[in-house]
Amino acid sequence: MRADIIIVGAGIAGASLAYHLSLAGHKVTLLDRQTPGSEASGGYAGLLTTVADGQAAGPYADLSRAALAATLSIIPELEERSGHTVELQSTPLIRVATNDSSLALLHAYSQKPDFMCPRSRWVEPSELHALSPELSPRLLGAIVAPEVYHLMPSRLVAATIAAAQTLGATLETHTEIVRLLRDKTRITGVIANHGEQWSAAHVIIANGVWSHDLIADLGFELALRPVRGQLAVLDSTHRFDLPFIVTLDRGYIVPKLSGKIVVGATHEDAGFEKCVTLNGMLHLSRVAAVMPRLLGLPVAETFVGLRPMSEDGMPLLGKVPGYQGVSLALGYGQHGVLLANICAALTTQDLDGNDPGPLWSPFQAVRALSPMGQEKKLAKLPHVPLSDNHVLGDAS
Ligand SMILES: Cc1cc2nc3c(=O)[nH]c(=O)nc-3n(C[C@H](O)[C@H](O)[C@H](O)COP(=O)(O)OP(=O)(O)OC[C@H]3O[C@@H](n4cnc5c(N)ncnc54)[C@H](O)[C@@H]3O)c2cc1C
């Protein structure tokens, strides 16, 4: 079978590529070994928060801000084309201080206007009860931000793929790609585990933490590791009214349109072991304890996913040195729901021979590639702090 462009992996990275490339007129085939969004992208929190914790300026903050604007503007288009809703919400947010060090950090933020969205404000402990009687009396203070956007990531994947399909993209599920086809240094297609072959002018490797084998085919090791994240989804219907998101140094509590409340998330170095653990649930219980009554709600569901994390925590995009016809869309780490759309738009510009500009150049995958058997290169960009909830930035 033949396509202009093959995308390996139908998480949010691959789905967004399928949409943007189809929109630009390419004949796209999207391949996944399972069903779309069945790995990290099927998660629940879906916060579209920008990076601020320690990084109000710099390439990643610029990319994140542009990502938020681009994602908010494309969602109506995706929903209209696909007929699916992504359950986008805008909710006020309270970032609470649970100990002296988080109090000092939040105080420091409140002194720096560029870390805060314009209408954020500091709240003393004595005012917290008035904000919500559910908040623990032990909290030491908080910053309140007027609104943060979030959505349902699994719905975003479904809507994005359905929208790409209306533009002619093809989706093949239960198709595990095991090798790249090549003619010397030109990649010409892929081979699936059941022997089926697809030829294409260009292959994009977007299969998250499972990309190492395909990259090894090219003679490279990629500095990318799984960071496990566990979430609990609480059934709060008729039991608990949560009109805002709560975040703290170790996690977040996010109310969803369905009436469920998401408590997240762990950040664990556990290799490829994708399982829910009691330690994970213990961590989430400590997060939920900032609103003690949450601890008694029924757990409707748990979720575990492996975040594809580069050494510096930032995306790995673009061509592979020494090869034609192949590029990478990996390493979206803890912000893939936020970043996938803009990274796909920039990749499309690059493949079409247009200069994607300054948002693109800092995130080239070459910084994480080292020839097999040689020592890894050191990341050149400053490391992004490990947390999904960089919530004090310009979400308004
Ligand atoms: C608990 C948790 C909470 C998170 N919260 C947020 C948040 O609030 N906001 C945010 O922006 N981000 C968040 N993230 C991060 C975000 O989910 C990830 O960055 C994003 O999902 C990565 O998408 P991906 O498409 O690169 O990878 P994945 O979603 O892992 O997709 C990879 C796909 O490739 C397929 N695949 C693998 N190998 C092959 C193969 N050989 N052949 C074919 N297909 C293959 C898999 O089946 C899978 O569908 C969170 C992540 C977790 C785990």
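Values in this document were obtained by computation on a predicted structure and should not be read as measured data.

Caption draft 1: Just the overall build of the protein chain, in detail. Tallying secondary structure elements over the protein chain gives 8 helices and 18 strands in all. For the protein chain, whose C-alpha radius of gyration is 21 Å, the value lies close to the compact-globule estimate of 21 Å for 396 residues. By principal-axis analysis of the C-alpha atoms, the protein chain measures approximately 70 × 40 × 40 Å. Across the 396 residues in the protein chain, those meeting the buried criterion constitute 56%. Long-range contacts, defined here as pairs at least 24 residues apart, represent 75% of the contacts in the protein chain between residues at least 6 apart. Accessible area for the protein chain stands at about 15,500 Å²; split by element, carbon and sulfur atoms hold 53% of it. In the protein chain, which carries 30 positive and 37 negative side-chain charges, the distance between the mean positions of the two groups comes to 2 Å.

Caption draft 2: Here's a closer look at the packing of aromatic side chains. For the structure on display, the rule yields 1 aromatic pair. Centroid distance Tyr-60 to Phe-363: 6.4 Å. Interplanar angle 65°. Geometry classified as edge-to-face. Of the two residues, Tyr-60 is situated in helix H2 (residues 59-82) and Phe-363 in the loop between helix H8 (336-351) and strand S18 (369-371); the sequence distance between them amounts to 303 residues. For Tyr-60, a relative accessible area of 1% translates into the label buried. Using a relative accessible area of 0% as the deciding quantity, one classes Phe-363 as buried.

Caption draft 3: Summary view of the nonpolar core. If you look at the biggest cluster of nonpolar residues, it comprises 46 residues, and the most contacted ones within it are Ile-7 and Leu-17. The biggest single contributor to this core is H8, with 8 residues. Leave out the neighbours within four places in its chain, and Ile-7 touches Gly-14, Leu-17, Ala-18, Leu-21, Val-28, Thr-29, Leu-30, Leu-31, Ile-204 and Ala-206.

Caption draft 4: The packing of H2 against H8, seen in detail. In the contact formed by H2 and H8, the axes pass within 8 Å of each other and the chain directions differ by 90°. By the angle between their axes, H2 is roughly perpendicular relative to H8. Contacts between H2 and H8 pair Tyr-60, Leu-63, Ser-64, Ala-66, Ala-67, Leu-68, Ala-70, Thr-71 and Ile-74 from the former with Leu-338, Leu-339, Asn-341, Ile-342, Cys-343 and Leu-346 from the latter. Each residue belonging to the contact of H2 with H8 can be placed in one class, and the counts come to 12 nonpolar, 3 polar and no charged.

Caption draft 5: Examining the pairing of strand S5 (residues 142-150) more closely. The buried count for S5 comes to 7 of 9 residues, which makes it a mostly enclosed element. Sheet analysis places strand S3 (residues 89-96) next to S5, joined by 7 bridges and oriented antiparallel. Paired with Arg-95 across the strands is Ile-143, a residue of S5. Bridge count for strand S4 (residues 121-123) against S5 is 3 bridges, and the pairing is antiparallel. Bridge pairing links Val-123 to Ala-142 in S5.

Caption draft 6: Seen up close, the site of the ligand. Around the ligand there are 36 residues in total, and Asp-32, Gln-34, Ser-41, Leu-47 and Gly-333 lie nearest to it. Between the ligand and the protein, one listed contact pairs a nitrogen atom with a side-chain N or O atom of Asn-207 at 3.3 Å. Between the ligand and Leu-338 there is a distance of 2.9 Å, counted from an oxygen atom to a backbone nitrogen or oxygen. Surface burial for the ligand is 98%, taken as the share of its 1,000 Å² of free accessible area covered by protein chains. The set of elements that each furnish at least two residues to the shell around the ligand consists of helix H1 (12-23), strand S11 (224-235), strand S15 (299-310) and H8. Across the shell around the ligand, the residue classes break down as 16 nonpolar, 14 polar and 6 charged.

Caption draft 7: A look at the side chain of Glu-39. Position of Glu-39 relative to the elements: it lies in the loop between strand S2 (28-31) and H2. If near-sequence neighbours (up to four positions away) are discounted, Glu-39 is found in contact with Arg-33, Gln-34, Trp-210, Lys-274 and Phe-303.

Caption draft 8: Layout of the pattern of salt bridges. Enumeration according to the criterion identifies 9 salt bridges in this entry. By sharing partners, the salt bridges in this structure join Arg-33, Glu-39 and Lys-274 into a single network.

Caption draft 9: The arrangement of the side chain of Ser-22 in detail. Mapped onto the elements of the fold, Ser-22 is located in helix H1. A relative accessible area of 5% places Ser-22 in the buried class. Not counting residues within four places of it along the chain, the set of residues in contact with Ser-22 comprises Leu-17, Val-28, Ala-164, Leu-167 and Ala-169.

Caption draft 10: Region of interest: the confidence of the model for the protein chain. Summarising the model, the protein chain shows a mean pLDDT of 91, and 91% of its residues fall at 70 or more. Across residues 386-396 the pLDDT falls below 50, and counting only partners more than four positions away or on other chains, this stretch makes 62 contacts in the model.

Caption draft 11: Structural view of the sheet that holds strand S14 (residues 260-264). Within the open sheet, the 8 strands sit side by side as S4-S5-S3-S12-S13-S14-S11-S15. Their pairing is mixed. The strands lining the two open edges of the sheet, one partner per strand, are S4 and S15. Adjacent strand axes in the sheet meet at a mean angle of 25° when their direction is disregarded. Where S11 and S14 come together, 5 bridges link them in antiparallel fashion. Across the sheet, the residue bridging to Asp-235 is Lys-260, located in S14. Strand contacts of helix H7 (residues 278-288): S11, strand S12 (245-248), strand S13 (251-255), S14 and S15, with the helix running at about 55° to S11, the strand carrying the most contacts.

Caption draft 12: Quick look at the packing of H1 against helix H5 (residues 153-166). Contact pair H1 / H5: the axes reach a minimum separation of 8 Å and the direction vectors enclose 25°. Here H1 lies roughly parallel to H5, going by the angle between them. As H1 runs across H5, the sense of the crossing is left-handed. Taking contact as the criterion, the partners of Ile-12, Ala-15, Ser-16, Ala-18, Tyr-19 and Ser-22 in H1 are, on H5, Leu-156, Val-157, Thr-160, Ile-161, Ala-163 and Ala-164. Classifying every residue of the contact of H1 with H5 gives 9 nonpolar, 3 polar and no charged.

Analysis parameters
Residues numbered from 1 in each chain as written. Predicted model: local features only at pLDDT ≥ 70, side-chain atom pairs only at ≥ 80, totals over all residues. Heavy atoms only, no water. Helix = DSSP H or I, 4+ residues; strand = E, 2+ residues; numbered from the N terminus. Rg over C-alpha atoms; globule rule 2.2 N^0.38 Å. Buried < 20%, exposed > 50% of the residue type's maximum accessible area, 1.4 Å probe, protein only. Contact = heavy atoms within 4.5 Å. Areas by Shrake-Rupley, 256 points an atom, 1.4 Å probe, with all protein chains shown as cover. Lys, Arg positive; Asp, Glu negative; His and termini not counted. Charge placed at Lys NZ, Arg CZ, Asp CG, Glu CD. Phe/Tyr/Trp six-rings, centres within 6.5 Å; stacked < 30°, edge-to-face > 60°. Core = buried A, V, L, I, M, F, W, Y, C linked by side-chain atoms within 4.5 Å. Axes fitted to C-alpha atoms, helices over the stretch in contact; angles between N-to-C directions. Parallel < 35°, antiparallel > 145°, perpendicular 65-115°, else oblique. Nonpolar A, V, L, I, M, F, W, Y, C, P; charged D, E, K, R; others polar. Pairing = 2+ DSSP bridges. Near = heavy atom within 4 Å. Polar contact = N/O pair within 3.5 Å; in protein donor to acceptor, adjacent residues only side chain to side chain. Salt bridge = Lys/Arg side-chain N within 4 Å of Asp/Glu carboxyl O. pLDDT = per-residue confidence, 0-100. Left-handed = near helix turned anticlockwise from the far one by under 90°.

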